[in-house]
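Take a look at the letters that make up each chain.
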Amino acid sequence: MSAPIASTVDSDRHIGGESAHRSFFGRTQPKGRIPALAVCFLVMLVATPLIGVWGVVIAAAGGLTTVLLTARTHRGSIIDRRIRRSRWKRRTAAGTDRFDPFDEAEWEVRTSALANARGRKARTAAAREVAAMRAVPDGADGLGWLQLAPREPGIAWHAPSGEPEYLSVAFTVTGQASGLESPSAMRQAAAAWGAFLESKASASNLASSVQTITRVLPPDSAMQEFWVLSALDDAAPADAVQSYEDVLRLTGENAMVQRHYIVLRWQVTEQFRDAALKYGTGRDGWRGLMRQEISSTITGLRDARLGEVEVLSARRLAAMILHQQNPSRPIDYVADIDPTSLGLSSHDEFSAHVVDDSDPVTGETVTWWHRTAAITSENMAMGARTPLWALPLLLGNETRTVRTLSFHLRLIPKGEASSAARADVVRDTADVRAAREKGRLVADETGSNMSAAKRRAADLAHGSPHQGVEWVGFVTISERSRDDLMRGSRILEDACATQLGVTRLDWLDSYQAAASGTTWPIARGLNPGTPSFATRTVNRMAGRSDKDSLS
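### Section: helix α10 (residues 282-303)
Part 1 of the argument: For α10, which comprises 22 residues, the first-to-last C-alpha distance of 32 Å matches the rise-based estimate of 32 Å (1.5 Å per residue) to within 8%.
Part 2 of the argument: Taken together, the buried positions of α10 are occupied by Gly285, Trp286, Gly288, Leu289, Met290, Glu293, Ile294, Thr297, Ile298, Gly300 and Leu301.

What follows is the structure, given as structure tokens:
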């Protein structure tokens, strides 16, 4: 749901409750309900003159069935559950519930076996083996590279199926808070982050969305151990050496550390191509423009008080993705990394993405079970939240579950966001007035949505620095076994409900392999959105930049 990006030092902001903009008929409607009801209405118009009252009965039955199938419950709608089951059956039948990294020799063997298969069962089995072998895992479908040279910023080039192409770059940051911080310092840091987002939301800016990632994992003492090996005096007493080892063990026991990342996404639009022409022709122009965009982003992140900022190379980005699939791999282990090979052998269960690999340090075979859920606005209780509202998910839960929390923010220029907010206020006000005139109680959903829409309209009022944003959150948990994953899921649901005000986690079951990519540093998981008609008209009127202009 769209919301303002705040740059003030208010102590809290209101998020949650609204799931979408209001429909033509008022309130927010489940996806697919209005088109289905429109079809029922057309059936009534056509059938009633032909078969009389039975046309009305058939249309009414269809409408009632549509409402029942799309009604929201704490486990989703009936139609959603049917779609998931149907998707899972198609995947298992086609063999896409497995992933084997592409190998040319093995590919020849599998395609040859398919060509020579005789009989229906043999052909089906051979086709499944061919479908299982793919170049990239489902979570990174369509990922390539614009720039993957060592010690250069890694610029990923994405062309996912059914979506427009885009570029992404990941940055690692140390974070805004280091130790104890005063409330005023945290408010100022939140305001600085809001100012950064505002700068990226203007119509002239090329970046279209921002992804924040926090990776929570056990501490890695490899750097400290390396320091000991290189600095240890040969004459040091054995007790002193053992004492330092005890310190490392005790500080790492039952502790979790955080790693923070920021990912920006640039849609490859006509505006982007036009700007790139000023830096050169073809892909060289793209790289020249991205060098300027990356430099600007680093400056903006530092001004946002995010600590030390460093852009990830293609190898480090690939190492991060491989670590997220196999947390036994150190997160910065890049010794054997090929940026064009991002996937590990895996298979899906209905509620889990299961990766089989080895520990690169010990050589031991390991298996990791992953599960991803979405955090949406409609499943969050409406209320005031401080900048630290998600902290219990990062620090608490009384568990050593390895987890990743990611939020995707699609930036919306102020004019478009303000128009949508005012339209929502008008429709909600009309619904409230209609209910009162008819002597009915105002629906809770309408009242809370109107309150939220009024806040957005006030924040986006003329003269304010705020911009608009649409957001969605994702959390991935990783465990060593199915039973541990089941317990971790329960603990996460309980923590979200009791400490974060998230009434329901939307587990992305039936396609967990693809869902894992929503918490990888590749800006996947949020629909790029379609600009309004007015915005598209203004963009056409603006045209391309002048040939002799410097910007």
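### Looking at the pattern of salt bridges
Part 1 of the argument: For the structure shown, the criterion picks out 21 salt bridges.
Part 2 of the argument: Notably, a salt bridge pairs Glu129 with Arg110, separated by 3.7 Å at the nearest N-O pair. In this pair, Glu129 is assigned in helix α5 (residues 120-132) and Arg110 in helix α4 (residues 104-116), connecting sequence segments 19 residues apart.
Part 3 of the argument: Its salt-bridge partner being Glu470, residue Arg410 comes within 3.0 Å of it at the nearest N-O pair. Separated by 60 residues along the polypeptide, Arg410 in strand β15 (residues 402-412) and Glu470 in strand β16 (residues 467-479) bring together distant segments of the chain.
Part 4 of the argument: Judged by its relative accessible area of 12%, Arg410 falls in the buried class.
Part 5 of the argument: On the basis of relative accessible area, Glu470 is assigned to the partly exposed category, the value being 22%.

### Regarding the nonpolar core
Generally speaking, a soluble globular protein has its nonpolar side chains buried in company with each other.
Part 1 of the argument: Core analysis: the biggest nonpolar cluster contains 56 residues, and Trp193, Phe272 and Leu505 have the highest contact counts within it.
Part 2 of the argument: At 6 residues, α10 tops the list of elements feeding residues into this core.
Part 3 of the argument: Formed by 25 residues, the second largest nonpolar core is a distinct cluster that contains Val263, Leu317, Leu344 and Trp520.

### A closer look at the environment of Arg82
Part 1 of the argument: Position of Arg82 among the secondary structure elements: in helix α3 (residues 78-94).
Part 2 of the argument: The class of Arg82 is exposed, set by a relative accessible area of 62%.
Part 3 of the argument: Through-space distance from the C-alpha of Arg82 to that of Leu69 is 9.6 Å; in sequence the pair is 13 residues apart.

### Description of the pairing of strand β3 (residues 98-101)
Part 1 of the argument: Two elements, β3 and strand β11 (residues 346-349), share 2 bridges in a ladder whose sense is antiparallel. Across the sheet, Arg98 pairs through a bridge with His347, a residue of β11.
Part 2 of the argument: Examined bridge by bridge, β3 and strand β4 (residues 133-134) share 2 bridges and lie parallel to one another. Directly across from Pro101, in β4, lies its bridge partner Arg134.

### Some thoughts on the packing of aromatic side chains
Part 1 of the argument: Under the criterion given, the structure shown has 7 aromatic pairs.
Part 2 of the argument: Here the aromatic rings of Phe272 and Trp286 are separated by 5.6 Å at their centres, their planes lie at 90°, and the arrangement is edge-to-face. Residue Phe272 is located in helix α9 (residues 270-277), and its partner Trp286 is located in helix α10; the two are separated by 14 residues in the primary sequence. The same class applies to Phe272 and to Trp286, which are both buried.
Part 3 of the argument: Relative to Trp471, the ring of Phe407 has its centre 6.1 Å away and its plane inclined at 55°; by these criteria the two rings are tilted. Separated by 64 residues along the polypeptide, Phe407 in strand β15 and Trp471 in strand β16 bring together distant segments of the chain.
Part 4 of the argument: For Phe407, a relative accessible area of 15% puts it in the buried group.
Part 5 of the argument: For Trp471, a relative accessible area of 11% gives the class buried.
Part 6 of the argument: For the cation-ring pair, Arg85 lies above Phe350, with the distance from its terminal atom to the ring centre recorded as 4.2 Å.
Part 7 of the argument: We note Arg283 situated over the ring of Trp286; from NZ or CZ to the ring centre the distance is 4.4 Å.

### Examining the side chain of Ser168
Part 1 of the argument: Counting through the fold element by element, Ser168 comes out in strand β7 (residues 166-173).
Part 2 of the argument: Engagement of the side chain of Ser168 in a polar contact is seen with the side chain of His158, the distance being 2.7 Å.
Part 3 of the argument: Other than its neighbours up to four places away in sequence, Ser168 contacts Gly154, Ile155, Ala156, His158, Val263, Leu264, Trp266, Ile522 and Ala523.

### Let's talk about the packing of helix α6 (residues 183-201) against α10
Geometry of a packed helix pair, given as the angle between the helix axes and the separation of the axes.
Part 1 of the argument: For the pair α6 and α10, interaxial distance at closest approach is 8 Å and the crossing angle is 155°. On the basis of the axis angle, α6 is roughly antiparallel to α10. Along its contact with α6, which presents Ala192, Trp193, Phe196 and Lys200, the element α10 presents Ser296, Thr297, Gly300, Leu301 and Asp303.

### Focus on the confidence of the model for the protein chain
Part 1 of the argument: Looking at the protein chain, the pLDDT average stands at 83 and 82% of residues meet or exceed 70.
Part 2 of the argument: Across residues 6-10 the pLDDT falls below 50, and counting only partners more than four positions away or on other chains, this stretch makes 16 contacts in the model.

### Looking at unusual backbone geometry
If a residue is not glycine, its phi is most likely negative; likewise, a peptide bond is most likely trans.
Part 1 of the argument: With phi around 65°, Arg305 is a residue other than glycine that occupies positive phi space.
Part 2 of the argument: Among the structural elements, Arg305 can be located in the loop between α10 and β10 (309-311).
Part 3 of the argument: If you check the backbone angles, Ala523 has positive phi at about 60° while not being a glycine.
Part 4 of the argument: Look at Ala523 and you get buried, because its relative accessible area is 4%.

Criteria and cut-off values
- Residues numbered from 1 in each chain as written.
- Predicted model: local features only at pLDDT ≥ 70, side-chain atom pairs only at ≥ 80, totals over all residues.
- Heavy atoms only, no water.
- Helix = DSSP H or I, 4+ residues; strand = E, 2+ residues; numbered from the N terminus.
- Expected span 1.5 Å × (residues − 1).
- Buried < 20%, exposed > 50% of the residue type's maximum accessible area, 1.4 Å probe, protein only.
- Salt bridge = Lys/Arg side-chain N within 4 Å of Asp/Glu carboxyl O.
- Core = buried A, V, L, I, M, F, W, Y, C linked by side-chain atoms within 4.5 Å.
- Pairing = 2+ DSSP bridges.
- Phe/Tyr/Trp six-rings, centres within 6.5 Å; stacked < 30°, edge-to-face > 60°.
- Lys NZ or Arg CZ within 6 Å of the ring centre and 35° of its normal.
- Polar contact = N/O pair within 3.5 Å; in protein donor to acceptor, adjacent residues only side chain to side chain.
- Contact = heavy atoms within 4.5 Å.
- Axes fitted to C-alpha atoms, helices over the stretch in contact; angles between N-to-C directions.
- Parallel < 35°, antiparallel > 145°, perpendicular 65-115°, else oblique.
- pLDDT = per-residue confidence, 0-100.

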